[in-house]
Amino acid sequence: MNNPPNGRPPAYRAVITGYGSFAPAKTLTNDELGKMVDTSDEWISSRTGVKVRHITSDNESTAWLATEAAKKALAQADLDAEELDIIIVATITPEMVFPSTASFVQRALGANRAWVFDMAAACSGFVYSLAIVQQFIESGRYKNALVIGAETLSKITDWTDRTSCILFGDGAGAVVLERSDDGQKGIIYSTMHSDGDRWEALNCQAYGSRHPASRELDDPKKVFMQIKGREVYQQAIRRIIETINDSLDACDLTLDDVKMVISHQMNARIIESVAKRLELPDEKVFININEYGNTSAASVPIAFDECVRTGKIKRGDIVILVVFGAGLTWGANVLEF
Ligand code: UT7
């Protein structure tokens, strides 16, 4: 899905006016993981960049994380929840099968005017959701939107599988987007892609209609995430580079114009490899996987929040948000913050 910004500019733009993130207090270090499975801080740090991840307790859930991040974003935007027209929660670890996680967030925030739903596009969910909101705001239909990426991946992690449990963590990030008609740029381009032929590369198979809870699983491991790490690694580098180049071309930009590329935090080596191949200088690449692990749909909004709060991106800066994940799915948003 593309909306080339080179044509007639839309009358309205979707501008990010609020941002926030939240992670559970409990953490799990690489050394602690080394006592659970046959691994080490040295292996995890050098192969992934992860040092520590946040993990929810038994009584902490995705909607709670999402709500806490959303409250921060609304406060930052100085917007009342009742003013929201739409709430999308990007997640693959929803509160329950139904209703949507977004329903619980709506209730907790008192966002009575909004219609709400979840986006199940794995690590690409946040960027996909921004693209949807962009269309509704540019068309003039809506004024105010809340997009959240929230995950409790620890709850679908096989803590005996060292090839996957080292990667993931829990957290949430949120942004408020408002309609602007006064020349502020906001989101200027979105590009989204999917390849269902490669669904097996990353999945969690139970309990959907193919493997319902009413039937015994042929393999009990199907309740956990399963990843083909090497395949994902190679595809991710290829697709992220393609997507960044496509975004630059479509927007008539070069990397010199871009202040920051905020990539999904899937593995520091993947991000560094992309940066090297694109000749992106270190100061234009943001990495915080060391503190959070891979938080799927939450990783880009958590990183965005941190970039703004630490002054790495400021109003007027061009930023590319780029993602890759299960589906397979990938995509990017280009925005003038
Ligand atoms: O957001 C989308 C989801 N993200 C992903 O799917 C992640 C993408 N893939 C990756 O990040 C990397 O492929 C991994 C971090 C998952 C794995 O790193 P790798 O460099 O591709 O390692 P590998 O799977 O090729 O394994 C290399 C070796 C193997 O041993 P041998 O066969 O060479 O003796 C593994 O058994 O490392 C071993 N190994 C480990 N050793 C210590 C695998 N996991 C571990 C571990 N600790 N945790």
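Residues numbered from 1 in each chain as written. Predicted model: local features only at pLDDT ≥ 70, side-chain atom pairs only at ≥ 80, totals over all residues. Heavy atoms only, no water.

**Some thoughts on the site of the ligand**
Neighbouring the ligand are 21 residues, the closest being Thr39, Arg47, Arg230, Asn267 and Asn294. In the model, a nitrogen atom of the ligand is placed 2.7 Å from a nitrogen or oxygen of the threonine 39 side chain. One nitrogen or oxygen atom from the main chain of arginine 162 is found 2.9 Å from a nitrogen atom belonging to the ligand. Mapped onto the shell around the ligand, the elements with two or more residues apiece are helix H2 (41-48) and helix H6 (229-250). No other element matches H6, which puts four residues into the shell around the ligand. Class assignment of the residues belonging to the shell around the ligand gives a composition of nine nonpolar, seven polar and five charged. (Near = heavy atom within 4 Å. Polar contact = N/O pair within 3.5 Å; in protein donor to acceptor, adjacent residues only side chain to side chain. Helix = DSSP H or I, 4+ residues; strand = E, 2+ residues; numbered from the N terminus. Nonpolar A, V, L, I, M, F, W, Y, C, P; charged D, E, K, R; others polar.)

**Concerning empty space enclosed by the protein**
According to the stated counting rule, one finds one cavity of 30 Å³ or more in the structure shown. Estimated volume of the largest cavity: approximately 50 Å³. Elements with a contribution of two residues or more to the lining of the largest cavity: H6, strand E11 (258-263) and helix H7 (268-278). Top element by residues in the lining of the largest cavity is H7. It accounts for three residues. (1 Å grid on protein atoms, 1.4 Å probe; cavity = no way out; pocket = protein on both sides within 12 Å on 5 of 7 lines; lining within 4 Å. Points joined across faces, edges and corners; volume = space filled by probe spheres on them.)

**Examining the sheet that holds strand E4 (residues 86-90)**
If you walk across this open sheet you meet the five strands as E1-E7-E6-E4-E5, and the pairing is mixed. Each end of this open sheet is capped by a strand with a single partner; those strands are strand E1 (13-22) and strand E5 (115-119). Looking at each pair of strands side by side, their axes are set apart by 20° on average, direction ignored. Bridge analysis of E4 against strand E6 (residues 144-152) gives five bridges, and the strand direction is parallel. Of the residues in E6, the one forming a bridge with isoleucine 86 is alanine 145. Each of E1, E6 and strand E7 (170-180) is contacted by helix H9 (residues 299-309), which is oriented at about 95° to E1, the strand it contacts most. (Pairing = 2+ DSSP bridges. Axes fitted to C-alpha atoms, helices over the stretch in contact; angles between N-to-C directions. Contact = heavy atoms within 4.5 Å.)

Honestly, it's all geometry; don't read function into it.
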